[in-house]
Amino acid sequence: MMHDDRLALPPKGKCFDAELVADLEARYCGAADAGNRAIFSVGPQRWYALRVPPQREDQAEAWLLRRGVYAFHPVLSRRSVQHGRVREYQRRYLPGYVFARFPGDPLEHLVAGTPFILGALCRSSGHWGILRPQGLRAIYAMRKIDAASEEARKAVRRRQLLHPGDRALFHTGPFAEFPCEVIEIKADGGAKVRLQLFGREILADASDGALTPLHKTD
């Protein structure tokens, strides 16, 4: 089994779980809070770190987007290969938080009065803390470092499992998801492999970490 962690952000403007959000609004929000009631007043555009209940990041984003507030939560997109089949899912990098860009001053009592949002990170005064752009960049950089370190460790483990004659699967690059046979493990890194492309057998070089060993029964 192979795992591949990749950075991912929700596409701008995409509304997650819109039907679920509408249903929960009808059940738990008052009539005045349902629909697209404004949740911010005239003011400067600013970012805030909102706290949300467990597993409610997507619903919080959808609720905010319906009201004109762009929001996202950092995730690592994880690819798993089992028996030659590729499955992709996402792991929350900072669970319990959604980062929201309000076009004006947030109406805190309305935002925190939903079943999707508990509040926000606050200053010592108790007021919502405003996130600076460099803070958001730091979060993204931290995720990149973690993902790169994890990928490097996995590349070493995968390389140790490969031997000439083994069957393997490309999981990155132009041959992603193509099966191949390992011909040679290079001393300076990577491997030479044989694969079928458009009905023809070709030789190709694979970088460290690009291949995942397949079980002998695959």
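Keep in mind that this is a model prediction, so the values were computed, not measured.

What counts and what doesn't
Residues numbered from 1 in each chain as written. Predicted model: local features only at pLDDT ≥ 70, side-chain atom pairs only at ≥ 80, totals over all residues. Heavy atoms only, no water. Phe/Tyr/Trp six-rings, centres within 6.5 Å; stacked < 30°, edge-to-face > 60°. Helix = DSSP H or I, 4+ residues; strand = E, 2+ residues; numbered from the N terminus. Buried < 20%, exposed > 50% of the residue type's maximum accessible area, 1.4 Å probe, protein only. Pairing = 2+ DSSP bridges. Contact = heavy atoms within 4.5 Å. Axes fitted to C-alpha atoms, helices over the stretch in contact; angles between N-to-C directions. Salt bridge = Lys/Arg side-chain N within 4 Å of Asp/Glu carboxyl O.

Novice: Can you walk me through the packing of aromatic side chains in this structure?
Specialist: Each aromatic ring pair is summarised here by two numbers: the centre-to-centre distance and the angle between the ring planes. Applying the stated criterion to the full structure yields eight aromatic pairs. Between Tyr 48 and Trp 128, the ring centres sit 5.9 Å apart and the planes meet at 65°, which makes this aromatic pair edge-to-face. Here Tyr 48, found in strand S3 (residues 46–51), pairs with Trp 128, found in the loop between strand S9 (119–120) and helix H4 (133–161); they are 80 residues apart in sequence, far enough to count as distant. Taken individually, Tyr 48 and Trp 128 each receive the classification buried, so the pair is uniform in this respect. Site record: aromatic cluster; members linked through ring pairs are Trp 47, Tyr 70, Phe 72 and Phe 99.

Novice: Which parts of the structure should I look at to understand the sheet that holds S9?
Specialist: Adjacent strands of a sheet pair through backbone hydrogen bonds, lying either parallel or antiparallel. Read across the sheet, four strands follow the order S4-S7-S3-S9 without closing on themselves; strand pairing throughout is antiparallel. Each edge of the open sheet carries a strand with a single partner, namely strand S4 (70–72) and S9. Across two bridges, S3 lies against S9 in antiparallel orientation. Its bridge partner lying in S9, Leu 50 is registered against Ala 120. Sheet strands in contact with helix H2 (residues 57–65) are S3, S4 and strand S7 (97–102), and its direction is about 10° off that of S7.

Novice: Which parts of the structure should I look at to understand H2?
Specialist: Three or four residues apart is the spacing at which side chains of an α-helix point the same way, because the helix has 3.6 residues per turn. Counting buried positions over the nine residues of H2 gives nine, a clear majority of the element. Buried residues of H2: Glu 57, Asp 58, Gln 59, Ala 60, Glu 61, Ala 62, Trp 63, Leu 64 and Leu 65, and no others.

Novice: How should the pattern of salt bridges be read in this particular structure?
Specialist: Between side chains of opposite charge, a pair can form when the charged atoms approach closely. Taken as a whole and judged by the stated rule, the model has four salt bridges. Here Asp 205 ties to Lys 186 by a salt bridge, and the two come within 2.9 Å at their closest N and O atoms. Of this pair, Asp 205 sits in strand S13 (residues 200–206) while Lys 186 sits in the loop between strand S11 (179–185) and strand S12 (191–197); the two residues are 19 residues apart in sequence, bridging distant segments of the chain. A salt bridge links Glu 201 to Arg 194; its shortest N-O distance comes to 3.2 Å. Residues joined in a network through salt bridges with shared partners are Glu 181, Arg 194 and Glu 201.

Novice: Would you mind showing me how to read the environment of Phe 99 here?
Specialist: Within the fold, Phe 99 resides in strand S7. Non-local contacts of Phe 99, meaning those with residues more than four positions away in its chain, are made with Trp 47, Tyr 48, Ala 49, Tyr 70, Ala 71, Phe 72, Pro 74, Leu 94, Leu 131, Leu 136 and Ile 139.

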